[in-house]
Amino acid sequence: MHYQTEAWGSYMPTRSTTMGDPLERIERMASENAVVIFSMSTCCMCHAIKRLFCGMGVNPTVYELDEDPRGKDMEKALMRLLGSSSAVPVVFIGGKLVGAMDRVMASHINGTLVPLLKEAGALWL
Amino acid sequence: MFPSWPTRFQTTPRVGSSKSGGESTDSGSAVNTLSSKADQAQLEPESPISKKASSSDHQAFDQKHLKLQQQQIHQEMATGPSHNQSSVKAPQEKRKGAGSTSEKQLDAKTLRRLAQNREAARKSRLRKKAYVQQLESSRIKLTQLEQDLQRARAQGLFLGGCVGAGSNLSPGAAIFDMEYARWLEDDHRLMSELRTGLHAHLSDGDLRLIIDGYVSHYDEIFQLKVVAAKSDVFHLYTGMWITPAERCFMWIGGFRPSELIKMLIGQLDPLTEQQVIGIYNLQHTSTQAEEALSQGLEQLQQALVDTIAGVPIVDGMQQMAVALSKLANLEGFVRQADNLRQQTLHQLRRILTVRQAARCFLVIGEYYGRLRALSSLWASRPRESMMSEDNSCQTTTELQIVQQHSQNHFSSY
């Protein structure tokens, strides 16, 4: 059912806004992989967060919102979700929202990020 | 929030009163009042070289106050025995029995009080000496500054009175610099409290209060930097708010967390195995976070270069507008770097015990104090061989003060 929605969306771009709540879409996309990052190709902080995870040996799934036809709506939904003026970068681990760069770094420093990643199956050791 | 000065001295009467009656407690508190006043009088002048001098009136008053205390101490030592140890005395009354070194009624309590008196007097003398030396060097520096200023004026380089020492500071930067200067003064005061608390062997609970206060003090500067980054990120990023020596080690507008940890390793001993693992983990994670932020910043710089370099696609104004919007991201990076610094300090606090944390924060504070002092010394170092004699003596005096200053600090360990 979810994939069908997505297929419809790619065939009928003009009707994309009626194809489901952007927040639902975000949550669905977030639960599909262990580590999901919503990003924008031109955003440098997004680049930093990607480097952080890659540097830890994690292989995150990245969605560039500026390359998605429904990116604008998702951007607005993320801004509302985070309560901040910048939608990206935002990280989901194991389908659950971790947050933006500050939350991710704080959890890395206080030692809670690695267990979270291991639990989600994104890290082994 | 912080325990006031009397906390340090409350321990002595407790010990004293356990042995005999009210008389010894009164004497004890008399000693405490004297030495605490002596300490208070000398606390303010004790400051790193780079710190700006507080009002001379206040210090002059303290000097007189101190002299009075010292005279009182000397009088007490000199006065011979006139009555028995066991008689009840008023708290402020001079202890006539103090000088009775030849009598057999020299009990442990008297010995201890004598020793405390001597110690307090000695410390007062040392502090007075350091203070006077600092005054001398400041006087010398002041005359030299006046000379430099006159020379510069004569050469027409003086651009007119500016708060930012000749450079143009934005309002946000000027405000932040003032707030930072005040923060440094608070830092010095809090460090003294921390040092005293360690030295006085406060209970862990009391010491924890002081440390938590010190951590809040650090949280304060990070909050101030958030505001400053919004109004003038360049001021923070280019390090104009810190001294040149600190600027050498600057990373995205402040200290590099992993470098701080590296400096601390070896100075935090003894640590449990778990603590060692924790510290090394902290160094590892902070390094990873620093790497990530640095790489993000590199991409920002590259994007800026790409935007500005070459012929504008549409028109120059649009090119500038795009560049400006990219530059705005710098604030985010300074914020995240500060966030990383703050989280690192908090994690240190979590890993260490109360006493270890106290020593750790003292080490950090003194390290940066010395870097700041280094900047001052460097600025006033002899530059021309003709003036070398005068200047080298000034530098030597300053070095002596730094030495004595750091010795005073280390004595608490």
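Preceding block: the structure.
Residues numbered from 1 in each chain as written. Chains lettered and ligands numbered in written order. Predicted model: local features only at pLDDT ≥ 70, side-chain atom pairs only at ≥ 80, totals over all residues. Heavy atoms only, no water.

Asks: Account for the packing of helix H9 (residues 257-264) of chain B against helix H13 (residues 354-379) of chain B, with residues named and values stated.
Replies: When two helices pack together, you describe them by how their axes are tilted relative to each other and by the distance separating the axes. Residue and element names in this part refer to chain B. In contact at an axis separation of 11 Å, H9 and H13 are set at 110 degrees when each is read in the N-to-C sense. Taken as axis vectors, H9 and H13 run roughly perpendicular relative to one another. The handedness of the crossing between H9 and H13 comes out as right-handed. Residues Leu 260, Met 263 and Leu 264 of H9 form the contact with H13, whose own contacting residues are Cys 360, Val 363, Ile 364, Tyr 367 and Tyr 368. Of the residues assigned to the contact of H9 with H13, the class counts are eight nonpolar, no polar and no charged. (Axes fitted to C-alpha atoms, helices over the stretch in contact; angles between N-to-C directions. Helix = DSSP H or I, 4+ residues; strand = E, 2+ residues; numbered from the N terminus. Parallel < 35°, antiparallel > 145°, perpendicular 65-115°, else oblique. Left-handed = near helix turned anticlockwise from the far one by under 90°. Contact = heavy atoms within 4.5 Å. Nonpolar A, V, L, I, M, F, W, Y, C, P; charged D, E, K, R; others polar.)

Asks: Lay out the layout of surface pockets in plain terms, naming residues and giving numbers.
Replies: Any empty space left between atoms is shown by rolling a water-sized probe over those atoms. Size it by volume and the second largest pocket reaches roughly 1,000 Å³. Every residue lining the second largest pocket is counted, 36 residues in all, and those nearest its centre are Met45(A), Ser86(A), Val88(A), Gly332(B) and Gln336(B). Tallying contributions element by element places helix H12 (residues 329-351) of chain B first for the lining of the second largest pocket, with nine residues. (1 Å grid on protein atoms, 1.4 Å probe; cavity = no way out; pocket = protein on both sides within 12 Å on 5 of 7 lines; lining within 4 Å. Points joined across faces, edges and corners; volume = space filled by probe spheres on them.)

Asks: Mind laying out the pairing of strand S1 (residues 35-39) of chain A, listing which residues take part and the relevant values?
Replies: All names here are of chain A. A large share of S1 lies buried, amounting to five of its five residues. Alternating residues of S1 divide into Val 35, Ile 37 and Ser 39 and Val 36 and Phe 38, and every residue in both groups is buried. Inspection of the sheet shows S1 paired to strand S3 (residues 90-93) by four bridges, in the antiparallel sense. Paired with Val 36 across the strands is Phe 92, a residue of S3. Pairing of S1 with strand S2 (residues 61-64) involves four bridges; the strand directions are parallel. In the sheet register, Val 36 faces S2, and the bridge partner there is Thr 61. (Buried < 20%, exposed > 50% of the residue type's maximum accessible area, 1.4 Å probe, protein only. Pairing = 2+ DSSP bridges.)

Asks: Can you tell me about the interface of chain B and chain A, naming the residues and giving the values?
Replies: In this assembly, 20 residues from chain B lie in contact with 16 residues from chain A. Carbon and sulfur atoms make up 67% of the area that chain B and chain A hide from each other, which totals about 1,600 Å². At the junction of chain B with chain A, the criterion picks out zero salt bridges. Counting the contacts that link chain B with chain A gives five residue pairs in polar contact (both at pLDDT 80 or more). Among the secondary structure elements, those contributing two or more residues to the side of chain B that touches chain A are helix H10 (273-308) and H12 of chain B. A total of 11 residues in the side of chain B that touches chain A trace back to one element, the largest contributor, which is H10(B). (Buried area = accessible area lost by both parts, 1.4 Å probe. Salt bridge = Lys/Arg side-chain N within 4 Å of Asp/Glu carboxyl O. Polar contact = N/O pair within 3.5 Å; in protein donor to acceptor, adjacent residues only side chain to side chain.)

Asks: Break down unusual backbone geometry for me, with residues and values.
Replies: Where the residue is not glycine, phi is negative for most of them; where a peptide bond is considered, it is trans in most cases. Omega for the peptide link from Val88(A) to Pro89(A) comes to 0 degrees, which places this bond in the cis form. Positive phi, close to 45 degrees, is recorded for Ile252(B), a residue that is not glycine. Along the chain, Ile252(B) turns up in the loop between helix H8 (244-248) and H9. Residue classification places Ile252(B) among the buried positions, given a relative accessible area of 7%.

Asks: Kindly report on the environment of Ile221(B), identifying the contributing residues and their values.
Replies: All names here are of chain B. Here Ile 221 is to be found in helix H6 (residues 204-231). The exposure class assigned to Ile 221 is buried, which follows from its relative accessible area of 5%. For Ile 221 and Tyr 180, which are 41 residues apart along the polypeptide, the C-alpha to C-alpha distance reads 7.4 Å.

Asks: Please provide a residue-by-residue account of the packing of aromatic side chains, values included.
Replies: Counted under the stated rule, the structure contains 11 aromatic pairs over all chains. On the numbers, 5.6 Å between centres and 25 degrees between planes, the contact of Phe38(A) with Tyr63(A) is stacked. In this pair, Phe38(A) sits in strand S1 while Tyr63(A) sits in strand S2, placing the two residues 25 residues apart along the sequence. For the pair Phe38(A) and Tyr63(A), a shared accessibility class is recorded, and that class is buried. Centroid distance Tyr180(B) to Trp241(B): 4.9 Å. Interplanar angle 75 degrees. Geometry classified as edge-to-face. Of this pair, Tyr180(B) sits in helix H5 (residues 171-199) while Trp241(B) sits in the loop between helix H7 (233-237) and H8; the two residues are 61 residues apart in sequence, bridging distant segments of the chain. This pair shows no difference in class: Tyr180(B) is buried, exactly as Trp241(B) is. An aromatic cluster is built from Phe176(B), Tyr180(B), Trp183(B), Tyr214(B), Tyr218(B), Trp241(B) and Phe361(B), whose rings are joined through pairwise contacts. We note Arg341(B) situated over the ring of Phe255(B); from NZ or CZ to the ring centre the distance is 5.9 Å. A cation sits over an aromatic face here: Arg381(B) above Trp378(B), 3.8 Å from the ring centre. (Phe/Tyr/Trp six-rings, centres within 6.5 Å; stacked < 30°, edge-to-face > 60°. Lys NZ or Arg CZ within 6 Å of the ring centre and 35° of its normal.)

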